[in-house]
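Here are the chains, one letter per residue:
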Amino acid sequence: QVQLVESGGGLVETGGSLRLSCAASGRVFRIRDMGWYRQAPGKQRELVAHITSGGTTNYADSVKGRFTISRDNAQNTVYLQMDSLKPEDTAVYYCNLEMAYGANYWGQGTQVTVSS
């Protein structure tokens, strides 16, 4: 069993920063890609950032230049550094791990609220 534990969410003012982390535990091996998604009230979950096992990244246009995704393979952890936060970034953020053997795992979600 693989479990993902997220941390780092909270309340921040417009222009502030937060750093989210997601640590995997359990039978963790052969991790392929990692990503961050978010879901705002009344909206579908959307991809925010993605990083491959080789370190290639991509971002949603709405966060490009403000967010940075990174990973620490030794710690089985993925991070999302969020700078210049805007009220429209308010959402529940979920981390996702894609395993080489085909399984997907999700974190429990962490709330990010940006006040205007």
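Nothing here was measured: the structure is a model prediction, and the numbers come from that model. Each chain has its residues counted from 1, following the order in which its sequence is written. Residues qualify for local features only when their pLDDT is at least 70, as the model is predicted, and side-chain atom pairs are given and counted only at 80 or more; totals for whole chains, interfaces and linings, by contrast, use all residues. No hydrogens and no water enter the side-chain calculation; it runs on all heavy atoms of the structure.

Draft legend 1. Up close: the overall build of the protein. Counting secondary structure elements, the protein contains 0 helices and 11 strands. The helix and strand labels rest on DSSP assignments: H or I over at least four residues marks a helix, E over at least two residues marks a strand, and numbering proceeds from the N terminus. For the protein, the sequential pattern of α-helices and β-strands runs β-β-β-β-β-β-β-β-β-β-β. Whereas a compact globule of 116 residues would reach a radius of gyration of roughly 13 Å, the protein reaches 14 Å, a difference of no more than 12%. Taking the principal axes of the C-alpha coordinates as reference, the protein spans close to 40 × 25 × 25 Å. Working definition: with a 1.4 Å probe on protein chains only, accessible area under 20% of the residue-type maximum means buried, over 50% means exposed, and in between means partly exposed. Counting the 116 residues in the protein, one finds 42% classified as buried. The contact rule is simple, with two residues in contact once any of their heavy atoms fall within 4.5 Å. Considering only residue pairs separated by 6 or more positions, the protein has 53% of its internal contacts joining residues 24 or more positions apart. Here the Shrake-Rupley method, with its probe set to 1.4 Å, supplies the accessible areas, and only the displayed protein chains count as covering residues. Total accessible area computed for the protein in this model is approximately 6,000 Å², and 46% of it derives from carbon and sulfur atoms. For the protein, the separation between the mean place of its 11 positive charges and that of its 10 negative charges on side chains is 6 Å. Two things to know: the radius of gyration comes from C-alpha atoms, and the globule rule equals 2.2 Å times the number of residues to the power 0.38. Charge counting follows a simple rule: Lys and Arg are positive, Asp and Glu are negative, and His as well as the terminal groups are ignored. Where a charge lies is defined by one atom per residue type, namely NZ (Lys), CZ (Arg), CG (Asp) and CD (Glu).

Draft legend 2. Up close: the packing of aromatic side chains. Working definition: a ring pair exists when centres of Phe, Tyr or Trp rings (six-membered ring for Trp) sit within 6.5 Å. Plane angles under 30 degrees give stacked, over 60 give edge-to-face, the rest tilted. A complete count under the given rule lists 1 aromatic pair for this structure. Note on criteria: charge over ring means Lys NZ or Arg CZ within 6 Å of the ring centre, with the direction from the centre no more than 35 degrees off the ring normal. When the ring centre of Tyr79 is taken as origin, the NZ or CZ atom of Arg19, which lies over that ring, is 4.3 Å away. Lying across the ring of Tyr94, Arg45 places its NZ or CZ 3.8 Å from the centre.

Draft legend 3. Structural detail: the state of the cysteines. Defined by distance alone, a disulfide is two cysteine sulfur atoms within 2.5 Å. Considering all chains together, one arrives at 1 disulfide under this definition. At a sulfur-sulfur separation of 1.9 Å, the disulfide partner of Cys22 is Cys95. Between Cys22 and Cys95 the disulfide shows an S-S torsion of about 50°. By sign, it is right-handed. Of this pair, Cys22 sits in strand E3 (residues 18-26) while Cys95 is found in strand E9 (residues 91-99), placing the two residues 73 residues apart along the sequence. The exposure class of Cys95 is buried, given its relative accessible area of 0%.

Draft legend 4. Structural view of the nonpolar core. As used in this record, nonpolar core signifies buried Ala, Val, Leu, Ile, Met, Phe, Trp, Tyr and Cys residues forming a set joined through side-chain atoms within 4.5 Å. The biggest cluster of nonpolar side chains holds 31 residues, and the ones touching the most others in it are Trp36, Leu80, Met82 and Tyr93. Per-element tally for this core: the top contributor is E9, with 5 residues. Here Met82 is in contact with Gly16, Ser17, Leu18, Leu20, Arg66, Phe67, Tyr93 and Val112, once residues within four sequence places are set aside.

Draft legend 5. Geometry of the pairing of strand E5 (residues 46-51). As paired elements, strand E4 (residues 31-39) and E5 share 5 bridges and run antiparallel to each other. Note that in E5 the partner of Met34 across the bridge is Ile51. Linking two consecutive strands that pair antiparallel, namely E4 and E5, is a turn of 6 residues; a positive phi of about 75° is found at Gly42 within it. We treat two strands as partners when DSSP finds at least two bridges between them. The pairing of E5 with strand E6 (residues 57-59) spans 3 bridges and is antiparallel. In the sheet register, Ile51 faces E6, and the bridge partner there is Thr57.

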